[in-house]
Amino acid sequence: MRHLLTVLASSLLLLNTNAQYGTFDGAAAKAAKASTLHVVLDGGNTPYDRAVMEAVKSHWKFNAAFEFITVADLGMQPVSPEKTYLMKVRRTDPVKFEGTFMAVVQGWKAKKGETLQVSDNAFTGIPAERDLAFLLIDPKSFETGTAMVAAYVKHLQDYLKLVESGKITDKATADRIYASRGRLIRDAELMLAQEDLDKSLADAAKVKEQYTAPVQVVGRSKVLAAVEEQNRGAVVSDVVITIGDHRNKHCFKRFFNAGTGELMYLRDDQAIMGKKEGIIAEDLVNVMRAR
């Protein structure tokens with residue numbers, strides 16, 4: 001999904017360049033699971049609010065209980081170490097890249113007088129060590145289609161379960177798990193949104209020169225429909241392109257299982273001089289070679 005936004009590429013230890021990991025602490029994941037999830041909404045019946053409410057009600061299973069609050073509600077009460085939050089978080093790295101993330105955050109004991117800062121309904125200044133799972137998003141994309149939110153919330157839970165079970169203990173183990181899923185894409189039908197392709201892959205014929213497993217190049221509406229239908233036999237594309245110049249523009253590419261929301265492939269390329277602005281031949285070759 002070609003989203004244009006200013007994004008954080010890399011900053012603190014937890015905010016790696018893949019922009020979709022989180023904690024590596026199994027005890028933290030287990031503690032979060034036992035808490036009530038507080039889902040923070042914009043509070044204005046926005047597309048984001050509607051999409052997140054539907055996705056959480058239908059698909060959130062990691063916590064035994066959840067409740068919905070608004071940005072304004074959270075602003076009037078201190079965060080609590082006994083609570084876990086699903087919220088939009090905005091972060092800026094030392095080079096001044098900025099990104100919005102859907103994040104599961106563990107609360108903390110607020111200092112006297114400490115208040116949460118908000119920009120465009122995303123919280124700033126959230127301590128990175130409180131992140132449990134996060135995924136780069138483009139809030140503006142919800143205005144044209146919200147079905148991918150279901151895949152996002154499923155992915156966040158899948159990550160937390162992997163950490164809780166001890167399968168992910170550091171970035172290396174996370175990288176290996178996601179790399180190992182690449183081969184499973186070939187057993188499904190890969191659905192690439194035409195809008196997600198770099199201009200070097202102009203059409204299905206170009207795609208099939210590199211990728212010989214089942215694949216379709218379709219309009220975005222069909223990708224969203226596959227997610228909405230929870231089609232476990234389909235893997236769909238999702239792309240975020242940052243706003244920047246020739247020195248700092250990046251393209252984040254993810255493939256998700258349309259039914260389970262599992263992250264199957266991820267890659268970040270520098271996108272400069274009008275190149276690598278979407279899925280490129282190398283991404284398809286990587287999937288074909290995955291073992």
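Residues numbered from 1 in each chain as written. Predicted model: local features only at pLDDT ≥ 70, side-chain atom pairs only at ≥ 80, totals over all residues. Heavy atoms only, no water.

Caption draft 1: Representation of the confidence of the model for the protein within the structure. In the predicted model, the protein carries a mean pLDDT of 87, and the fraction of residues at 70 or more is 90%. Taken as a whole, residues 2-17 scores under 50 in pLDDT and shows 71 contacts with residues more than four places along the chain or in a different chain. (pLDDT = per-residue confidence, 0-100. Contact = heavy atoms within 4.5 Å.)

Caption draft 2: Inspection of the packing of helix α2 (residues 47-59) against helix α4 (residues 148-164) at higher detail. Relative to each other, α2 and α4 sit at 50°, their axes nearing to 9 Å. As far as their axial angle goes, α4 and α2 are oblique. Once α2 is placed against α4, the crossing between them reads as right-handed. Contacts between α2 and α4 involve Ala-51, Val-52, Ala-55 and His-59 from the first element and Val-149, Ala-150, Val-153, Lys-154 and Gln-157 from the second. When the residues that make up the contact of α2 with α4 are grouped by side-chain class, the tally is six nonpolar, two polar and one charged. (Axes fitted to C-alpha atoms, helices over the stretch in contact; angles between N-to-C directions. Helix = DSSP H or I, 4+ residues; strand = E, 2+ residues; numbered from the N terminus. Parallel < 35°, antiparallel > 145°, perpendicular 65-115°, else oblique. Left-handed = near helix turned anticlockwise from the far one by under 90°. Nonpolar A, V, L, I, M, F, W, Y, C, P; charged D, E, K, R; others polar.)

Caption draft 3: The arrangement of the environment of Gly-125 in detail. Note on placement: Gly-125 falls in the loop between β7 (122-124) and β8 (131-137). A residue is classified by how much of its surface remains accessible, and Gly-125, at 68% relative accessible area, is exposed. With 53 residues separating them along the chain, Gly-125 and Tyr-178 place their C-alpha atoms 29 Å apart. (Buried < 20%, exposed > 50% of the residue type's maximum accessible area, 1.4 Å probe, protein only.)

Caption draft 4: A look at the packing of aromatic side chains. This model, assessed by the stated rule, comprises six aromatic pairs. An angle of 15° between the planes, with centres 5.6 Å apart, marks the rings of Tyr-21 and Tyr-178 as stacked. On the criterion of sequence distance, the pair formed by Tyr-21 in the loop between β1 (3-5) and α1 (26-33) and Tyr-178 in helix α5 (residues 171-180) is long-range, its members being 157 residues apart. We classify Tyr-178 as buried; its relative accessible area is 2%. Each ring, one from Phe-66 and one from Phe-68, has its centre 5.7 Å from the other, and the planes form 70°; the classification is edge-to-face. On the basis of relative accessible area, Phe-66 is assigned to the partly exposed category, the value being 29%. Taking the relative accessible area as the measure of exposure, Phe-68 reaches 26% and is therefore partly exposed. The structure contains a cluster of three or more aromatic residues connected by ring pairs, namely Tyr-21, Tyr-159 and Tyr-178. (Phe/Tyr/Trp six-rings, centres within 6.5 Å; stacked < 30°, edge-to-face > 60°.)

Caption draft 5: How the structure looks around the pairing of strand β13 (residues 263-270). Counting buried residues along β13, six of its eight residues qualify, which places the element largely inside the surrounding structure. Counted along the chain from strand β12 (residues 250-257) to the antiparallel partner β13, the turn is five residues long, and its residue Gly-261 has a positive phi close to 75°. (Pairing = 2+ DSSP bridges.)

Caption draft 6: Quick peek at the packing of α1 against α4. The interhelical angle for the contact between α1 and α4, taken along N-to-C directions, is 125°, at an axis separation of 7 Å. Of the possible angle classes, the one that applies to α1 and α4 is oblique. As α1 runs across α4, the sense of the crossing is left-handed. Across the interface between the two elements, Gly-26, Ala-29, Lys-30 and Lys-33 of α1 pack against Leu-160, Val-163 and Glu-164 of α4. In the contact of α1 with α4, the residues fall into three nonpolar, one polar and three charged.

Caption draft 7: Structural context of the nonpolar core. Val-52, Leu-86, Met-102, Val-104, Tyr-178 and Val-236 are the most contacted members of the largest nonpolar core, which has 50 residues in total. Tallying contributions element by element places α4 first for this core, with 11 residues. Filtering out sequence-adjacent residues up to four positions away, Val-104 remains in contact with Leu-37, Trp-60, Thr-84, Tyr-85, Leu-86, Arg-130, Asp-131, Leu-132, Ala-133, Leu-156 and Leu-160. Core analysis: the second largest hydrophobic core is formed by 21 residues, Val-235, Tyr-265, Ile-279 and Leu-284 among them. (Core = buried A, V, L, I, M, F, W, Y, C linked by side-chain atoms within 4.5 Å.)

Caption draft 8: A look at the environment of Ser-35. Take Ser-35: it is sitting in the loop between α1 and β2 (37-41). Taking the C-alpha atoms as reference points, Ser-35 and Val-239, separated by 204 residues in sequence, lie 32 Å from one another. For Ser-35, the contacting residues outside a window of four places in its chain are Asn-63, Ala-65, Glu-82 and Thr-84. At 2.5 Å, the side chain of Ser-35 forms a polar contact with the side chain of Thr-84. (Polar contact = N/O pair within 3.5 Å; in protein donor to acceptor, adjacent residues only side chain to side chain.)

Caption draft 9: Structural context of the side chain of Arg-254. Tracing the backbone through its elements, the reader meets Arg-254 in strand β12. Assessed through its relative accessible area of 1%, Arg-254 is described here as buried. At 3.0 Å, the side chain of Arg-254 and the backbone oxygen of Leu-136 are in polar contact. Aside from chain neighbours lying at most four places away, what touches Arg-254 is Gln-20, Leu-135, Leu-136, Tyr-152, Val-236, Ser-237, Asp-238, Val-240, Leu-263 and Tyr-265.

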